[in-house]
Amino acid sequence: TLFRSASPDSPLTTHILNTASGLPASGVQLQLSRLDVPTQRWVVLTTSSTNFDGRCPGILSPERFTVGTYKMRFETGEFWKQQCQASFYPYVEIVFTILDPGQKYHIPLLLSPFSYTTYRGS
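This text gives an overview of the structure that appears in the document.

Calculation criteria
- Residues numbered from 1 in each chain as written.
- Predicted model: local features only at pLDDT ≥ 70, side-chain atom pairs only at ≥ 80, totals over all residues.
- Heavy atoms only, no water.
- Helix = DSSP H or I, 4+ residues; strand = E, 2+ residues; numbered from the N terminus.
- Rg over C-alpha atoms; globule rule 2.2 N^0.38 Å.
- Contact = heavy atoms within 4.5 Å.
- Areas by Shrake-Rupley, 256 points an atom, 1.4 Å probe, with all protein chains shown as cover.
- Lys, Arg positive; Asp, Glu negative; His and termini not counted.
- Charge placed at Lys NZ, Arg CZ, Asp CG, Glu CD.
- Pairing = 2+ DSSP bridges.
- Salt bridge = Lys/Arg side-chain N within 4 Å of Asp/Glu carboxyl O.
- Buried < 20%, exposed > 50% of the residue type's maximum accessible area, 1.4 Å probe, protein only.
- Polar contact = N/O pair within 3.5 Å; in protein donor to acceptor, adjacent residues only side chain to side chain.

Quick look at the overall build of the chain
The secondary structure content of the chain amounts to one helix and eight strands. Put simply, the chain runs from its N terminus to its C terminus through helices and strands in the order β-β-β-β-β-α-β-β-β. Whereas a compact globule of 122 residues would reach a radius of gyration of roughly 14 Å, the chain reaches 14 Å, a difference of no more than 12%. For the chain, the spread of C-alpha atoms along the principal axes amounts to about 40 × 30 × 25 Å. Here the contacts in the chain between residues at least 6 apart in sequence split such that 64% fall between residues at least 24 apart. With the model as given, the accessible surface of the chain reaches about 6700 Å², and the carbon-plus-sulfur share is 55%. Across the chain, the 10 positively charged side chains and the 8 negatively charged ones have centroids separated by 3 Å.

Have a look at this one:
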């Protein structure tokens, strides 16, 4: 079952900044998946898009946030197309491991048409 904006107090957050303009990247479509260990296949948990501030509140409820390997896929090519700009990356996938679902995890994405950077934020 797919959920959109499952919880406003999500333990997982993201923020996208368009570093070419210095502004938040609004309207970027994203998909969150978790790796199913027995089958080694990605299971889509939710899809959403960033708001006016480049954030995506409520990605996943605390109850659905468990130990495991996750993937956030950002549709960056479509974002740049809407900005009337060419880009090198049609999408960005960030894969990360959650060992303690009791913690908060913030995954920022600094984005320009020809580069991106990410890190574990706070």
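There's more to say after this.
Comments concerning the pairing of strand β3 (residues 29–36)
As paired elements, β3 and strand β4 (residues 41–49) share eight bridges and run antiparallel to each other. Within β4, the residue paired with Leu-35 across the bridge is Trp-42. Joining the antiparallel neighbours β3 and β4 is a turn of four residues, in which Gln-40 adopts a positive phi near 55°. In this structure, β3 lies alongside strand β5 (residues 68–74), joined through five bridges in antiparallel fashion. Pairing of Leu-30 across the sheet is with Phe-74, part of β5.

Observations regarding the pattern of salt bridges
This structure, assessed with the given rule, holds four salt bridges. Where Asp-53 meets Arg-55, a salt bridge forms, and the shortest distance between an N and an O atom there is 3.0 Å. The exposure class of Arg-55 is partly exposed, given its relative accessible area of 35%. With a closest N to O distance of 3.3 Å, Glu-93 and Arg-73 form a salt bridge.

Comments concerning the side chain of Arg-34
Following the sequence through the fold, Arg-34 ends up in strand β3. Here Arg-34 occupies a buried position and makes no salt bridge, while the nearest side chain of opposite charge, Asp-36, is found at 7.4 Å. Among the polar contacts made by the side chain of Arg-34, one reaches the main-chain carbonyl oxygen of Arg-64 at a distance of 2.8 Å. Not counting residues up to four positions away in its chain, the partners in contact with Arg-34 are Arg-41, Trp-42, Val-43, Leu-45, Arg-64, Thr-66, Thr-69 and Tyr-70.

Things to note about the sheet that holds strand β1 (residues 12–18)
Judged by pairing direction, the sheet is mixed, and its four strands sit side by side in the order β2-β1-β7-β8 without closing on themselves. On the outer flanks of this sheet lie β2 (23–24) and β8 (115–118), each paired with one strand and no other. Across two bridges, β1 lies against β2 in antiparallel orientation. In the strand pairing of β2, Leu-17 is matched with Pro-24.

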